[in-house]
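Spelled out from the first residue to the last, the chains are:
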Amino acid sequence: MIPSYFEFYNPVKILAGSNALDNLAYELMNLGAKSPLVVTDKGILKAGLLKVIKNAFSDTNIPFSLFDNIPQDSSDLIVKELSNVYRETNSDSLIALGGGSVIDTAKAVNILVTHESDNLFDFVGGDFLKKPLKPLIVVPTTSGTGSEATGVAVIKDSERNIKMGFSSQHLIPDVAILDPRMTLTLPPLLTAATGMDALTHALESSYCLQRNPVSSAFAYSAIQILSNHLVEVIKNPKDPQSRFALSIAAFLAGVGLSNSLAGIVHALGHATGGICGLPHGIAMNIFLPHGLRYNLGKVGDLIGELLLPLAGSEYFSEIPREERSKAAIQFIESLRDSLYHLVSLPRTLKEAQISKEDMNQIAKDAINDGAIAFNPEEVDFKDALNVLMMAYD
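Residues numbered from 1 in each chain as written. Predicted model: local features only at pLDDT ≥ 70, side-chain atom pairs only at ≥ 80, totals over all residues. Heavy atoms only, no water.

1. Re the overall build of the protein chain
No. 1: Of the regular secondary structure elements, the protein chain holds 16 helices and nine strands.
No. 2: In terms of C-alpha radius of gyration, the protein chain reaches 20 Å, essentially the compact-globule figure of 21 Å for 393 residues.
No. 3: The buried share among the 393 residues of the protein chain stands at 57%.
No. 4: Taking contacts inside the protein chain between residues at least 6 apart in sequence as the whole, the part at least 24 apart equals 78%.
No. 5: Each charge class in the protein chain can be summarised by its mean position, and for the 31 positive and 43 negative side chains these summaries are 2 Å apart. (Helix = DSSP H or I, 4+ residues; strand = E, 2+ residues; numbered from the N terminus. Rg over C-alpha atoms; globule rule 2.2 N^0.38 Å. Buried < 20%, exposed > 50% of the residue type's maximum accessible area, 1.4 Å probe, protein only. Contact = heavy atoms within 4.5 Å. Lys, Arg positive; Asp, Glu negative; His and termini not counted. Charge placed at Lys NZ, Arg CZ, Asp CG, Glu CD.)

Here you go:
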């Protein structure tokens, strides 16, 4: 069903393909940036990926500063520290080299330095940013978060142990550079987790309340690419073409998510990550089939249509229409089983060593998460707790 009114926005410039990073200096000059701060983490340095950035600047007069201490689960404390580094180094732009935590941290830093503020939580929620931010170029090193395409950032409140969301069109990066060299060293387990993160973005944005035909087109393409390539990449991690395919899929899913937003799967994932430190991609893998099943009563037909990009036209045509939604969920569960056998990606909260003692607090935080507002089926505390218990073992 086509909505009577919808909006779609995706201003990010995409540079994609082999050696795409060679254009980095040119893109900075186009943005009027002369002194970028490169934001990354220790794992990126260890993998040697910073060398590619340095090579891109080798024939230019552009100096850059470096901050390489972003943790896996960033917080307001890191954002404040990095904002001070930005000011002390007289930087005028940001380059985020890394996964979701690095990219979201760079976005949050951009909020503070643009607004000359030290209190990040003055800007929590949607559309509290009233002016364009500093130039931001994103170079993803994982194929999952899609943050290079979204106007969303999630940062942990270190005092309350809660993940806080920030949403604005001004948070969308200026340029996203998808270079296959940047993901070739990604370990198999992290590849699987980030791949399921991207798949969750695409699936939830296809049936949640703010979906529209344009965002769904991006999401459907992402689902098809991920279904065709995720397991293949795990089996052949050095295949640049399959790696590149996953990067494209993550970007497409990010565009879908940015415009349609998510639902109960993300709400539960944010809450579990905030309370238990569960990595986001693992949380998405655990909660995805349960979130789909919870919403069958309201959007069963839409979920059934997702069987086509998931399993292909031949299998789709063999399944009666009334059985397609359950078949789509079964396909995802089969994919999770494959990933578990290949890289031990947890499928349950028990496998992820999450304690049942945390269930009540996770449920409380989940129903207050911004993503829950866009879930097709209403969710209260009891509902969230029931889904958590189903996901436990």
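2. Some remarks on helix H15 (residues 359-366)
No. 1: Taken together, the buried positions of H15 are Met359, Ile362, Ala363, Asp365 and Ala366. The arc that holds the buried residues of H15, viewed along the axis, is 165°, so those residues lie on one side.
No. 2: Looking at the buried positions of H15, the neighbouring elements they touch are strand E8 (162-167), helix H9 (264-276) and helix H16 (381-390). (Arc of directions from axis to C-beta.)

3. Describing H9
No. 1: In this model, H9 (13 residues) spans 18 Å end to end at C-alpha, consistent with the 18 Å of a helix rising 1.5 Å per residue.
No. 2: Among the 13 residues that make up H9, eleven are buried, leaving the element largely enclosed by the rest of the structure.
No. 3: Taken as a whole, H9 has its buried residues at Ile264, Val265, His266, Ala267, Leu268, Gly269, His270, Ala271, Thr272, Gly273 and Gly274.
No. 4: Residues of H9 that are buried sit in contact with strand E7 (152-157), E8, helix H6 (188-207), helix H10 (280-294), H15 and H16. (Expected span 1.5 Å × (residues − 1).)

4. Considerations on the packing of H9 against H15
No. 1: As a packed pair, H9 and H15 sit with axes 8 Å apart at the nearest point and diverge in direction by 130°. It follows that H9 is oblique to H15 by the angle criterion. Crossing of H9 over H15 shows right-handed handedness. Along the contact surface, H9 presents Ala267, Leu268, Ala271, Thr272, Ile275 and Cys276, while H15 presents Gln361, Ile362, Asp365 and Ala366. (Axes fitted to C-alpha atoms, helices over the stretch in contact; angles between N-to-C directions. Parallel < 35°, antiparallel > 145°, perpendicular 65-115°, else oblique. Left-handed = near helix turned anticlockwise from the far one by under 90°.)

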